[in-house]
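Commentary on secondary and tertiary structure
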Amino acid sequence: MKNCEYQQIDPRALSTPTPTTTPLPPPCAKKTGRPRRKWEVFPGRNRFYCDGRIIVARQMGVLPLTLGLILVTSSLFFIFDCPFLVAHLTGCIPAIGGLLCVFVVVSLLQTSFSDPGILPRATPEEAADIEKQIDNSGSSSYRPPPRTREVLIRQQVVKLKYCFTCKMFRPPRTSHCSLCDNCVERFDHHCPWVGNCVGKRNYRFFYTFIVSLSFLTTFIFGCVITHLTLRSQSGKGLVLALQESPASVLELVVCFFSIWSILGLSGFHTYLVASNLTTNEDIKGSWSGKRGAVDSGNPYSYNNIFTNCCMVLCGPMPPSLIDRRGFVLTDTPPAAPQEAELPHFVAKNDANMEESCQEFALTCTA
């Protein structure tokens, strides 16, 4: 190795392959990490307004019609009927009509824009925990969870059904709405006229809405008939009375065709409130022996009309469980290194290459 000739290798003379890397976008092209609220990623079929403060169903096409009929009919009554009735009867008529109209509109908006009692869906960890509790065999094969569980309420067995959409067992009196795609506590029904589900948190508003609407419709209907009767008795006849107040005809038609359904609906829900039942339970016959079921009695009833009404309408308002204005918690992974990945046989810098060449030269002179 003494006659070994060598030549110093210039590291800069080596042809190192240039790695092909994707250029990083400029800092201005990166998206700002604005924290998102939970209503922005809500899985149900709902619409949110005012930064999540207002929640309605996605299919709310009938709600403007309901609100429009109430406002238009009331406005026609105040414009065309109230002046005549105030001049010939009393000035309390517009005051009573105004209070009823305001109460109806406020109750309608509270029913439509509030959370009916939506239950949050199970997280992946909670769903996996339920599956682990069910799968006692320990096998890796997939086995769907059972359809029901049984709990004891006031010495009576109540079955809980499993919701494959929300990945949880529904609490008692909870049902999954197919239109809103949510599990709602104390689910009564989905009402297209208010554009929302009716459940545990907005049932009292819905009941006050239909009861006050029945009073308002009956009040306007009676006042319009009185108005036309007084005009016809003044010697002009009914035909001339209708010609002098054509808006009263429209009010009569709207009130006549709506008063019967509204009064019937109010009476039906009064029966449900007095019995502490829901529309869903009454239709399915959960406690009345319908569809061949055993008449086991309602375990939620207190066997007292006054107590049932107080529990349904005057109980404390339960809080919303979906926390629609809360922020989404996301686990951000650590940032990847910015330097390009080089092959293992290529040195990363010139200093390492020069040291390797010097070591090779020393071995040749040895």
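Residues numbered from 1 in each chain as written. Predicted model: local features only at pLDDT ≥ 70, side-chain atom pairs only at ≥ 80, totals over all residues. Heavy atoms only, no water.

In a packed pair of helices, the relevant descriptors are the angle between the two axes and the axis-to-axis distance. At a minimum axis distance of 6 Å, the contact between helix H5 (residues 246-275) and helix H7 (residues 305-313) shows a crossing angle of 100°. The orientation of H5 with respect to H7, classified from their angle, is roughly perpendicular. Taken together, the residues of H7 that come into contact with H5 (itself represented by Val-273, Ala-274 and Ser-275) are Ile-305, Asn-308, Cys-309, Val-312 and Leu-313. Considering only residue class, the contact of H5 with H7 consists of six nonpolar, two polar and no charged. (Axes fitted to C-alpha atoms, helices over the stretch in contact; angles between N-to-C directions. Helix = DSSP H or I, 4+ residues; strand = E, 2+ residues; numbered from the N terminus. Parallel < 35°, antiparallel > 145°, perpendicular 65-115°, else oblique. Contact = heavy atoms within 4.5 Å. Nonpolar A, V, L, I, M, F, W, Y, C, P; charged D, E, K, R; others polar.)

This brings us to a nonpolar patch on the surface. On the surface, a nonpolar cluster with roughly 620 Å² of combined accessible area is contributed by Val-249, Val-253, Phe-256, Phe-257, Trp-260 and Leu-263. Structurally, Val-249 can be placed in helix H5. (Patch = residues over 30% accessible without salt bridge, like charges linked within 9 Å, V, L, I, M, F, W, Y side chains within 5 Å. Areas by Shrake-Rupley, 256 points an atom, 1.4 Å probe, with all protein chains shown as cover. Salt bridge = Lys/Arg side-chain N within 4 Å of Asp/Glu carboxyl O.)

Attention now goes to the side chain of His-176. Here His-176 is to be found in strand E6 (residues 175-177). Separated by 2.9 Å, the side chains of His-176 and Asp-181 make a polar contact. Setting aside anything within four residues of it in sequence, one finds His-176 in contact with Cys-163, Thr-165, Cys-166, Arg-170, Asp-181, Asn-182 and Cys-183. (Polar contact = N/O pair within 3.5 Å; in protein donor to acceptor, adjacent residues only side chain to side chain.)

Along the chain, Ser-212 turns up in helix H4 (residues 203-244). At 2.6 Å, the side chain of Ser-212 and the backbone oxygen of Thr-208 are in polar contact. Every residue in contact with Ser-212, bar those within four places of it in the chain, is listed here: Phe-103 and Val-104.

In this model, the protein carries an average pLDDT of 79, and 74% of its residues clear a pLDDT of 70 or more. Low pLDDT (under 50) marks residues 13-17, which in the prediction has four contacts with non-local residues, meaning those over four places away or in another chain. Confidence drops under a pLDDT of 50 for residues 332-350, and excluding neighbours within four residues, the segment shows 10 contacts in the predicted structure. (pLDDT = per-residue confidence, 0-100.)

A separate point is the nonpolar core. Among the nonpolar cores identified, the biggest contains 38 residues, and Ile-70, Phe-77, Tyr-203, Phe-206 and Phe-209 are the most heavily contacted of them. Secondary-structure elements contributing two or more residues to this core are helix H1 (63-88), helix H2 (92-113), H4 and H5. Broken down by element, this core gets its largest block of residues, 13 residues, from H4. When near neighbours in sequence (up to four residues on either side) are disregarded, Phe-209 contacts Thr-66, Ile-70, Val-104, Ser-107, Leu-108 and Val-194. Listed in part, the 11 residues of the second largest apolar core include Phe-42, Ile-55, Val-184 and Phe-187. (Core = buried A, V, L, I, M, F, W, Y, C linked by side-chain atoms within 4.5 Å. Buried < 20%, exposed > 50% of the residue type's maximum accessible area, 1.4 Å probe, protein only.)

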